[in-house]
Amino acid sequence: MKNFVFVLMLFLIISISVFSTTFWISWEGEEWFKQKARDFETATGEKVEIVYVSSMEEKLGVTVRGSDNLPDICMIKNDQLPLILNSEMVKLFPDELKSFQFNDRLIKAFSDGGKAYSVPLYADIQLMYASRNLLEKLNIKIDETRWDLEYFLELMKQIRSKGVIPSGWALNSAYIFMGMQEGMGTAIYDSEGNINVMTEDNAKLFRTLDNWYKSGYVHDYVQRPDMMKAFLKNNVVFVPQGSFLIQKFEEMDFPVMVLPLPYPWKTVIDPKGICFFSEDKTAREFTAYILEDIEALCAQYIKYPSLIGDYDEISYFDVLQESFENGFMQPSDASFALGYWPAIRTALDLFFKGELNAEQALEKAQEFIANK
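The rules behind these values
- Residues numbered from 1 in each chain as written.
- Predicted model: local features only at pLDDT ≥ 70, side-chain atom pairs only at ≥ 80, totals over all residues.
- Heavy atoms only, no water.
- Helix = DSSP H or I, 4+ residues; strand = E, 2+ residues; numbered from the N terminus.
- Rg over C-alpha atoms; globule rule 2.2 N^0.38 Å.
- Buried < 20%, exposed > 50% of the residue type's maximum accessible area, 1.4 Å probe, protein only.
- Contact = heavy atoms within 4.5 Å.
- Areas by Shrake-Rupley, 256 points an atom, 1.4 Å probe, with all protein chains shown as cover.
- Pairing = 2+ DSSP bridges.
- pLDDT = per-residue confidence, 0-100.
- Phe/Tyr/Trp six-rings, centres within 6.5 Å; stacked < 30°, edge-to-face > 60°.
- Lys NZ or Arg CZ within 6 Å of the ring centre and 35° of its normal.

Draft legend 1. Representation of the overall build of the chain. On a plain count of helices and strands, the chain comes out with 16 helices and 13 strands. Over its C-alpha trace the chain gives a radius of gyration of 23 Å, about what one expects of a compact globule, namely 21 Å for 372 residues. The principal-axis extents of the C-alpha atoms in the chain amount to approximately 80 × 50 × 40 Å. Every one of the 372 residues in the chain was classed for burial, and the buried ones make up 52%. Counted over contacts in the chain with a minimum sequence separation of 6, partners at least 24 positions apart contribute 77%. Put simply, the chain shows about 18100 Å² of open surface, and 49% of that area lies on carbon and sulfur atoms.

Draft legend 2. Local environment of the pairing of strand β7 (residues 165-169). Summarising burial for β7: 4 of the 5 residues are buried, a large majority. Sheet topology note: the β7/strand β9 (residues 236-242) ladder contains 2 bridges and is parallel. Bridging across to β9, Ile 165 finds its partner in Val 236. Of the pairings in the sheet, the one linking β7 to strand β8 (residues 218-220) comprises 3 bridges and is parallel in character. If you follow Ser 167 over to β8, its bridge partner there is Val 218.

Draft legend 3. The arrangement of the confidence of the model for the chain in detail. Within the chain, residue pLDDT values average 93, and 94% of them lie at 70 or more. Here residues 4-17 is a poorly scored stretch, pLDDT under 50, and it has 1 contact once near neighbours within four places are set aside; other chains count.

Draft legend 4. Broad picture of the packing of aromatic side chains. According to the stated counting rule, one finds 27 aromatic pairs in the structure shown. Note on Tyr 304 and Phe 317: the rings are 5.8 Å apart at their centroids and 5° apart in plane angle, and the pair reads as stacked. Taken together, the positions of Tyr 304 in strand β12 (residues 304-305) and Phe 317 in helix α14 (residues 317-325) put the pair 13 residues apart, joining distant regions of the chain. This pair shows no difference in class: Tyr 304 is buried, exactly as Phe 317 is. Taken together, the ring pairs in this structure connect Phe 23, Trp 32, Phe 33, Phe 40, Phe 286 and Tyr 289 into an aromatic cluster. In this structure, Arg 105 is placed above the aromatic ring of Phe 324, and the distance from its NZ or CZ to the ring centre is 4.8 Å. For the cation-ring pair, Lys 272 lies above Trp 27, with the distance from its terminal atom to the ring centre recorded as 5.4 Å.

Draft legend 5. Seen up close, the side chain of Lys 77. Within the secondary structure, Lys 77 sits in strand β3 (residues 73-77). Of the residues examined, Lys 77 reaches a relative accessible area of 19% and is grouped as buried. If we ignore the near neighbours within four places in the chain, the residues touching Lys 77 are Trp 27, Phe 110, Asp 270, Pro 271, Lys 272 and Gln 330.

Draft legend 6. Spatial organisation of the environment of Ala 109. As for its position among the elements, Ala 109 is in helix α5 (residues 104-109). In this structure, Ala 109 is in contact with Asn 78, Leu 81, Pro 271, Met 329 and Ser 332, ignoring residues within four places of it in sequence.

What follows is the structure in structure tokens.
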């Protein structure tokens, strides 16, 4: 009898491992994906296990070395592409899904050597949020037809003259700075694909930020929670943050004005996609099932969809579209993740602490990148 029970339990374990497709997800949407998995099982009889991973990069970093513990499919950010390419199990973009009309820029964001390794799902996009409460209190009405950097600076001066903090972010944020550099300084990559940081335009941008800071136009929030607390308490008018926050503001019923970043400051496009670590047919079918309902996912969590189309159900889609068109795709190559990202953050730190001038800080950053 004991042998029978043991064999039965072993059979059940094997059955689950063989017949259940595993899908690791992260970021927003856990309940949505779980409901889609339930609906999919009802419609097809195929089971998909949704596993939420709070720190996907850390989890993948450990598991790609072992390979055996990888899921059938997995959500990734495009800057995690070098990480998954270290796994021999990662598969190319499935042929069955090429009938969907994907945005070409998002396909390229998950490509290496001309080959696509992930199915784009959606993108988060940097936006500018303005507190409607504070704007009303200060009797300031924003003219959206004038929304560019020159007008943004006028507004910051006007707000500061009234004794209120105009804008806030972490001054050493590489995530913020790279969009500024791409739009207001020297393009990060030159025509040969090399990363540029030590240029006069970038040094000028450093000094511009320093001037904004010293003039009281920008408050330096070292931690994002502190910045968001100040914004929600109506202590700061503008904060540049990701589109994922729209849903949070709506849930709190906090009145915000949602704008693109002021031109030519470029938004950073942060795409998420689905990569495949097995040839599991159910994994491909479930991915198609999700893509067929992409508007519902993006409407609930305010995302920019990977599929081309008109999306009436997505709040602020016109702002997302405008931002995407003027956006800079987060790079996915290792030289950016391991070189530019830590280098520019350190350079900004050294500059704002007064330890190096703009040129010296950028020279140090360029040296670091060159050695990566």
